[in-house]
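Now for the letters of each chain:
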Amino acid sequence: MDSVAIAPEIGARISGVRLDQLKPGEFDEIMRVLLDRHVVCIEGQDAIDPDAHVAFAARLGDIEPYPFGKPLDGHPGVFRIIKEKDSTSNFGGVWHTDSPYHEIPPAYTVLRGVDIPSGGGDTLVASMCAAYDALPGEVKDRIDGLDGIFTASKVHGSGGPRFAIGDVQRVDDGERADQVFRHPLVRTHPLTGRKGLYVSACHMTGVVGLPDTEAAELIDELSQQIIDPRFVGRVRWEPGLVVVIDNRCVQHHALNDYHGQRREIHRVLVSDGMTPSREWQEGEVRALSH
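Below or above, wherever it landed, is the structure these notes cover. (Residues numbered from 1 in each chain as written. Predicted model: local features only at pLDDT ≥ 70, side-chain atom pairs only at ≥ 80, totals over all residues. Heavy atoms only, no water.)

Moving on, we come to the environment of Lys83. Tracing the sequence through the fold places Lys83 in strand S6 (residues 75–83). Put simply, Lys83 and Asn256 are 173 residues apart on the chain and 9.3 Å apart in space, counted from C-alpha to C-alpha. Of note is the side chain of Lys83, whose polar atom sits 2.7 Å from the side chain of His259. (Helix = DSSP H or I, 4+ residues; strand = E, 2+ residues; numbered from the N terminus. Polar contact = N/O pair within 3.5 Å; in protein donor to acceptor, adjacent residues only side chain to side chain.)

What follows is the structure, encoded as structure tokens:
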């Protein structure tokens, strides 16, 4: 198995492995690269079907169904991200981290390329750890201990979606969408001990203890820090590519630059069962085990 970095601070492409026929030690090696690079793009998985997709994802943790979209028939953990040829909007077309509006946000997103445009449709990824490391000390001091306010209401709330989401089959759950949770703006990764920002502007309505205007300015400042080109990489999609994203330290953005072509990605969310609260944020770093 070989791995090559896709950008200085984030991402690696892995080749020479079959996810449905993993040999001893190969899963551990994938995890090692994932924890180091935050995103892994595993090539040559054309033989992977939804069952194998879910089986691999389940090795990372508990499968977490997406509450706002209809799953693939027979596979409650698989969500189809689709943009048809005649559509102008896409799903995930803003910078975000997946589902931070849960009490326990998903640790990983496992994506599989099914129908890929001949050009365009890549996904940009950004390291929230590298972005944090590069902050001035006074900014780190300012945000240490602050909690962001996270909710799905801006995308899926009872007032109607504010963002277009392509051709996915929606499930309306206004009560769940309007729930609000608070998570630290600075998270410590439970497996590596590395600190990183935890910001997702399209899922945030404020910062605990700050006036609305000040909170909005801070969220924008940190969001711009995260997507600084120094910390960004590009996932170049191809059929059969499997991509694993560590949501605890990554923002991503699905580019909408392939009008007139169809794109379908299958997504599985995975929870590690750990809330990003201060109980574990300041606790001991867990040892990696399988």
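Still more ground to cover, so stick around.
Here the focus is the environment of Asp147. With respect to the helices, strands and loops of the structure, Asp147 is situated in strand S9 (residues 147–151). By relative accessible area, Asp147 is classed as buried at 10%. For the pair Asp147 and Val208, spaced 61 residues apart in sequence, the C-alpha separation works out to 5.5 Å. At a separation of 3.0 Å, a polar atom in the side chain of Asp147 contacts the side chain of Arg182. (Buried < 20%, exposed > 50% of the residue type's maximum accessible area, 1.4 Å probe, protein only.)

Bringing the pattern of salt bridges into the picture now. Scanning the model with the defined rule gives 19 salt bridges in all. Here Asp133 ties to Arg194 by a salt bridge, and the two come within 2.8 Å at their closest N and O atoms. Taken together, the positions of Asp133 in helix H3 (residues 128–133) and Arg194 in the loop between strand S11 (186–188) and strand S12 (195–197) put the pair 61 residues apart, joining distant regions of the chain. By sharing partners, the salt bridges in this structure join Arg80, Glu84, Asp115, Arg262 and Glu264 into a single network. (Salt bridge = Lys/Arg side-chain N within 4 Å of Asp/Glu carboxyl O.)

Counting buried positions along S6 yields seven of nine residues, so the element is predominantly enclosed. The antiparallel pairing of strand S5 (residues 71–72) with S6 creates a hairpin that spans two residues between the two strands, and Gly74 there sits at a positive phi of about 80°. Pairing of S6 with strand S17 (residues 263–271), which is carried by five bridges, proceeds in the antiparallel orientation. Across the sheet, residue Phe79 finds its bridge partner in S17, namely Arg267. (Pairing = 2+ DSSP bridges.)

Let's shift gears to the side chain of Arg13. With respect to the helices and strands, the residue Arg13 is situated in strand S2 (residues 12–15). Engagement of the side chain of Arg13 in a polar contact is seen with the side chain of Glu43, the distance being 2.7 Å. At a separation of 3.3 Å, a polar atom in the side chain of Arg13 contacts the main-chain carbonyl oxygen of Arg236. Excluding residues that lie within four positions of it along the chain, Arg13 makes contacts with Asp2, Ser3, Val4, Ile6, Cys41, Glu43, Arg236, Glu238 and Leu241. (Contact = heavy atoms within 4.5 Å.)

As a further point, take the packing of aromatic side chains. Counted under the stated rule, the structure contains seven aromatic pairs. Between Tyr66 and Phe79 the ring centres are 4.6 Å apart and the planes differ by 50°, which places this aromatic pair in the tilted class. Note that Tyr66 is positioned in the loop between strand S4 (62–63) and S5 and Phe79 in strand S6, a separation of 13 residues in sequence. By relative accessible area, Tyr66 is classed as buried at 10%. A relative accessible area of 2% places Phe79 in the buried class. Seen in terms of ring centroids, Tyr66 and Phe91 are 6.2 Å apart; in terms of plane orientation they differ by 85°. Their pairing is edge-to-face. A residue pair is termed long-range when its members are at least 10 positions apart, and Tyr66 in the loop between S4 and S5 and Phe91 in the loop between S6 and strand S7 (108–115) qualify at 25 residues. In this structure an aromatic cluster arises from ring pairing among Tyr66, Phe68, Phe79, Phe91 and Tyr101. Across from the ring centre of Tyr258, 4.4 Å away, lies the NZ or CZ of Lys83, which sits over that ring. Note that Lys140 overlies the ring of Tyr132, its terminal NZ or CZ placed 4.9 Å from the centroid. (Phe/Tyr/Trp six-rings, centres within 6.5 Å; stacked < 30°, edge-to-face > 60°. Lys NZ or Arg CZ within 6 Å of the ring centre and 35° of its normal.)

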